[in-house]
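# Architecture and fold: a report
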Amino acid sequence: MTGGAPVELRDIEIFLTLAEELHFGRTAARLHVSQARVSQAISQQERRLGGVLFDRSNRRRISLTPLGRQLCDDLRPVYASLRDSLERARQAAQGITATLRVGMMPFNIADLHLYWKTFRSQHPQCELQIRRAPFVDPFAGLRDGGLDVLIVWLPVEEPDLTVGPILFTDARLLAVSVEDELATRSSVSLEALADRPHATAPRMPDYWEDRYLPFQTPRGRPIERSQTITNGDDLINLVGTGEIVHSFPAHVTRYWAMPHIQWLPIRDMPPLPYAMVWRTETENDPIRALAQIVRDLGPLDLHDT
């Protein structure tokens, strides 16, 4: 960005976060700043550039303009490199020699604590950072250097990524509003999902999305995606208001136990395995150490936690 006062690192972080969240309120909450601060940072950047970065014509959801997409693609690796350089300097001052950044697609961070505790005990010189990972463009964090490892459902069939050990496998549930006719049932089949709208997220590989929620029932009936969402809060809110139903791994009920939502076992949907995944060319000693700990401890039985 050129012209005017220099751009602060925080302003770049605000832009990149808003480009991911596409929502001023969520961006502000994630970065612990006010919405006014987010709006101010974006407006200043647009004035410096002489162009619009976000299309705000839809009051409920913004989107990146072509200029915004170009800037996002150019800035993301630069920002990641600068952020990593500052982080390495901080760690060196504290005697830490390495960092392992793990992105979590599942919600059960507490259930997986044994893996993290064991790693920290065996490798105190390596700082382990556990972060919630977005399911929008799910492998971007590995590819842009923001994450070293991703805990994500299988299959992952990406030529540049390595699939490591499985941490747990979870049953599948359908979340519906208690006012939905389905809520009176004790369970449902995949065929029932064809009669209700569901949600999707941008930039998910088709094969990967299909494993989570098939595009068709066993009889070939389409399972409709009527809403596009970018975060879990919007997803569960749409279920609660009755606008959609949606399938989930069973562990989310520990975090979304809500009186207005009913959880129904899906009889013919196979369990969902979650595994470590990392970028093959960036594999290093901390990644191998965590993978070995997961193998040694074995997959977690969620029913025992």
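Residues numbered from 1 in each chain as written. Predicted model: local features only at pLDDT ≥ 70, side-chain atom pairs only at ≥ 80, totals over all residues. Heavy atoms only, no water.

## Brief notes about the overall build of the chain
A tally of regular secondary structure across the chain gives nine helices and 12 strands. Here the C-alpha atoms of the chain give a radius of gyration of 21 Å, agreeing with the 19 Å that 2.2 N^0.38 yields for 305 residues. Here the chain holds 305 residues, and the buried ones make up 51% of them. Long-range pairs, those at least 24 residues apart, make up 74% of the contacts in the chain with a sequence separation of at least 6. With an accessible surface of roughly 14800 Å², the chain has 51% of that area assigned to carbon and sulfur atoms. Charged side chains in the chain number 34 positive and 39 negative. The centres of these two groups are separated by 3 Å. (Helix = DSSP H or I, 4+ residues; strand = E, 2+ residues; numbered from the N terminus. Rg over C-alpha atoms; globule rule 2.2 N^0.38 Å. Buried < 20%, exposed > 50% of the residue type's maximum accessible area, 1.4 Å probe, protein only. Contact = heavy atoms within 4.5 Å. Areas by Shrake-Rupley, 256 points an atom, 1.4 Å probe, with all protein chains shown as cover. Lys, Arg positive; Asp, Glu negative; His and termini not counted. Charge placed at Lys NZ, Arg CZ, Asp CG, Glu CD.)

## With respect to the sheet that holds strand β7 (residues 172-177)
With antiparallel pairing, three strands are arranged side by side in an open sheet as β10-β7-β11. Whereas interior strands pair on both sides, the edge strands pair on one side only; in this sheet they are β10 (246-249) and β11 (261-265). In this sheet, adjacent strand axes meet at a mean angle of 35 degrees when their direction is disregarded. When β7 meets β11, the two strands line up antiparallel, connected through five bridges. (Pairing = 2+ DSSP bridges. Axes fitted to C-alpha atoms, helices over the stretch in contact; angles between N-to-C directions.)

## Re the sheet that holds strand β4 (residues 126-132)
The strand order across the open sheet formed by five strands is β4-β3-β5-β12-β6, and the pairing between neighbours is mixed. Since the sheet does not close on itself, it has two edges, and those belong to β4 and β6 (161-170), each with one partner. Across the sheet, the mean angle from the axis of one strand to that of its neighbour is 20 degrees, orientation sign disregarded. Looking at chain direction, β6 and strand β12 (residues 272-279) are connected through seven bridges and run antiparallel. From the neighbouring strand, T162 faces β12, where its bridge partner is W278. Sitting on the sheet, helix α5 (residues 113-122) is in contact with β3 (98-104), β4, β5 (149-153) and β6, with an inclination near 160 degrees to β4. Running over the sheet, helix α9 (residues 285-297) touches β3, β4, β5, β6 and β12 and is turned about 160 degrees from β12.

## With respect to the pattern of salt bridges
By the definition in use, this model includes 22 salt bridges. Across the pair E13 and R10 runs a salt bridge, and its minimum N-O distance is 2.5 Å. On the criterion of helical spacing, the pair formed by E13 and R10 is a turn pair, its members being three residues apart in helix α1 (residues 9-21). A relative accessible area of 29% means that R10 is categorised as partly exposed. (Salt bridge = Lys/Arg side-chain N within 4 Å of Asp/Glu carboxyl O.)

## Examining a nonpolar patch on the surface
A surface patch of nonpolar side chains, amounting to about 240 Å² of accessible area, comprises L9, L82 and L86. Summarising the element assignment, L82 is placed in helix α4 (residues 66-93). Taking relative accessible area as the criterion, L82 reaches 42% and is therefore assigned partly exposed. (Patch = residues over 30% accessible without salt bridge, like charges linked within 9 Å, V, L, I, M, F, W, Y side chains within 5 Å.)

## Section: empty space enclosed by the protein
All told, the structure shown has one cavity of 30 Å³ or more when counted by the stated rule. Each pocket or cavity is described by its volume, and for the largest cavity that value is around 290 Å³. Taken together, 23 residues make up the lining of the largest cavity; nearest its centre are F135, W153, Y212, L235 and H246. Breaking the lining of the largest cavity down by element, the ones donating at least two residues are β8 (198-200), α7 (206-212), α8 (232-240) and β10. The dominant element in the lining of the largest cavity, judged by the number of residues it contributes, is β10, at three residues. Of the residues assigned to the lining of the largest cavity, the class counts are 17 nonpolar, four polar and two charged. (1 Å grid on protein atoms, 1.4 Å probe; cavity = no way out; pocket = protein on both sides within 12 Å on 5 of 7 lines; lining within 4 Å. Points joined across faces, edges and corners; volume = space filled by probe spheres on them. Nonpolar A, V, L, I, M, F, W, Y, C, P; charged D, E, K, R; others polar.)

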